[in-house]
Amino acid sequence: MQHTRTILPRDSALTTKQTTKRTKTWKGIIKNWELYLFIAPALLYFLIFCYGPMYGIQIAFKNFIPTKGITGSPWVGFDHFVRFFHSYYFWDLIWNTLGISLYSLAVGFPIPIILALAFNEIRNGYFKKLAQTVTYAPHFISMVVMAGMIITFLSPSTGIVTNIIEGLGFHSPEFLTDPRWFKTMYVFSDVWQSAGWGTIIYLAALSGVDPGLHEAAIIDGASRFQRVRHINIPTLVPTMTILLILSMGSLLGVGFEKILLLQNPLNMTASDVISTFVYRSGLVSAQYSFSTAIGLFNSVINAVLLIVVNQVVRRISDNSLW
C-alpha cells in the first residue's frame, strides 16, 4: 500500500507556526497573570504619560495654532529647527548646557564612588549609620527649598558662607550674580544634595563581594588600600560603566528646576541652558512649535549620545546596556 503525504503550502505552514506561537504566548500570560497584573500600573503609566504625549511631537514640524489643533495646523517642515540653528543664542545655549553637564559629570560622578568605598570600610556601626544619614538627608529636601537655602547661604549680606569667607579675611565672590561662579555654585550644591543618595547603588554592589576574597588577600599580606584597589574597585566597574553610559545619555538634559530657581538677569549669560530656553519659549512666550522643535533636537542628541557611548563601551568591554 502506498502512503501519500500531503504537503502544505509554505504560507499555510508559517500561519500554523505563528498560531501555535501565539497560543503558547497567551497560555503563558494566563498562567502568570499575577505577574502581568503586578506590572500593569507601571506599563499604563509609561503608555499614558510617556508614549501617549509623543503624538504631539509633530507640532515641531508644524505652525501650531491652538484653535486649529494639532492635525489642523499647517506643516512647515524643518523651519523651526533652521531658525534655532541660525539664531544668535544657539551656541551660547549649547556651551552653557555642555559646560554644566560636563562639570557635573567630572565632579559629581566619582564622589559617590569614593563615598561608597569609604562607607564600606567604616567598622564603627553607629558612626557609619550617622555618616550615611547625614549624606542621604539633603536628597529628601524639596528643590524649591534647596534653592532657597542656597540663596540664603550665599547672600552677599547675610549669607553664612559669605560671612565665613569674609571672617577668614578673604573677599567673598558674588556667587549669585557673577556668571563665572554660577556653574561652580550649581555643581557643588548638586553634589551636596545627591552624592549621598548616589552611593546606595554602589554599596549594594559592594555587598556582593565574596568575603573569602578579602580573607585570602589578608592572608597574603595585602593592606586595606590594596584590597580596595584590587577587589572593591573592580567589583564596581560594571556598575560604574552602566551609570556612566546613562549619564552620557542625559548630557544635554540638565535639570532645569534648580537652574530656573537660581537664575537671575545678572547670571543669565552662564545659566541659560536649553531646558530653560524651552520653558521661556513654550510656556512664557507661547511659541509652542518652536519650543517643541528645540526639545526634540535635545532629545535626539541625547539618544544619539546614549547609543554611541553604549556601542563604544560594548566594543571595549562586556559592560553595556545592550
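Only a predicted model underlies this, so the values are computations on that prediction, with no experimental measurement involved. The residue count restarts for each chain, going from 1 along the sequence in the order it is written. Only residues with pLDDT of at least 70 get local features here, since the model is predicted, and only at 80 or more are side-chain atom pairs given and counted; chain-wide, interface and lining totals rely on the full set of residues. Side-chain descriptors were evaluated using all non-hydrogen atoms of the structure, hydrogens and water having been removed beforehand.

Visitor: Explain the overall build of the protein chain to me, using residue names and the numbers behind them.
Guide: What counts as a helix is a DSSP run of H or I of at least four residues, what counts as a strand is a run of E of at least two, and both are numbered from the N terminus. The number of helices and strands found in the protein chain is 16 helices and 0 strands. With C-alpha atoms as the basis for the radius of gyration, the globule rule is written as 2.2 Å multiplied by the number of residues raised to the power 0.38. For a compact globule of 322 residues, the expected C-alpha radius of gyration is about 20 Å, and the protein chain comes in at 27 Å, more than 25% above that figure. When its C-alpha atoms are laid out on the principal axes, the protein chain stretches across 110 × 75 × 35 Å. Three exposure classes are used, based on accessible area relative to the maximum for each residue type with a 1.4 Å probe and protein chains only: buried under 20%, partly exposed in between, and exposed over 50%. By the burial criterion, 33% of the 322 residues in the protein chain qualify as buried. The criterion used for residue contact is that any of the two residues' heavy atoms lie within 4.5 Å. Long-range contacts, defined as pairs at least 24 residues apart, comprise 65% of the intrachain contacts of the protein chain with a sequence gap of at least 6. Of the side chains in the protein chain, 23 bear a positive and 15 a negative charge, and the two mean positions are spaced by 14 Å. His is not counted, nor are the chain ends, whereas Lys and Arg count as positive and Asp and Glu as negative. Think of each charge as sitting on NZ of Lys, CZ of Arg, CG of Asp or CD of Glu.

Visitor: Tell me about the pattern of salt bridges, and please be specific about residues and values.
Guide: A pair is scored as a salt bridge if a Lys or Arg side-chain nitrogen falls within 4 Å of a carboxyl oxygen belonging to Asp or Glu. For the structure on display, the rule yields 5 salt bridges. Here Arg-180 ties to Asp-178 by a salt bridge, and the two come within 2.9 Å at their closest N and O atoms. According to the relative accessible area criterion, Arg-180 is exposed, its value standing at 70%. With relative accessibility at 15%, the residue Asp-178 sits in the buried group. Salt-bridge contacts for Asp-190 lead to Lys-258; the nearest nitrogen and oxygen are separated by 3.8 Å.

Visitor: Any details on the layout of surface pockets? Residues and values, ideally.
Guide: Site definitions follow a grid-based scheme: protein atoms alone, a 1 Å grid, a 1.4 Å probe that fits but cannot get out for cavities, and for pockets an open set with protein on both sides within 12 Å along at least five of seven lines, plus lining residues having an atom within 4 Å of a point. Grid points are joined across faces, edges and corners, and a volume is the space filled by probe spheres set on the points. If you add up the space inside the largest pocket, you get close to 820 Å³. What lines the largest pocket is a set of 30 residues, among which Ser-104, Gly-108, Asp-190, Ser-194 and Ser-247 lie closest to the centre. It is helix 10 (residues 179-206) that contributes the most residues to the lining of the largest pocket, 11 residues altogether. Any residue outside Ala, Val, Leu, Ile, Met, Phe, Trp, Tyr, Cys, Pro, Asp, Glu, Lys and Arg is labelled polar, Gly included; the first ten of those are nonpolar and the last four are charged. Grouping the amino acids of the lining of the largest pocket by side-chain chemistry returns 16 nonpolar, 11 polar and 3 charged.

Visitor: I'd like to hear about the side chain of Thr-199, residue by residue, with values.
Guide: Residue position: Thr-199 is located in helix 10. Residue classification places Thr-199 among the buried positions, given a relative accessible area of 0%. Polar contacts here mean pairs of N or O atoms no more than 3.5 Å apart (in protein, one a potential hydrogen donor and the other a potential acceptor; neighbouring residues in sequence count only if both atoms are side-chain atoms). A polar atom in the side chain of Thr-199 sits 2.5 Å from the backbone oxygen of Gly-196.

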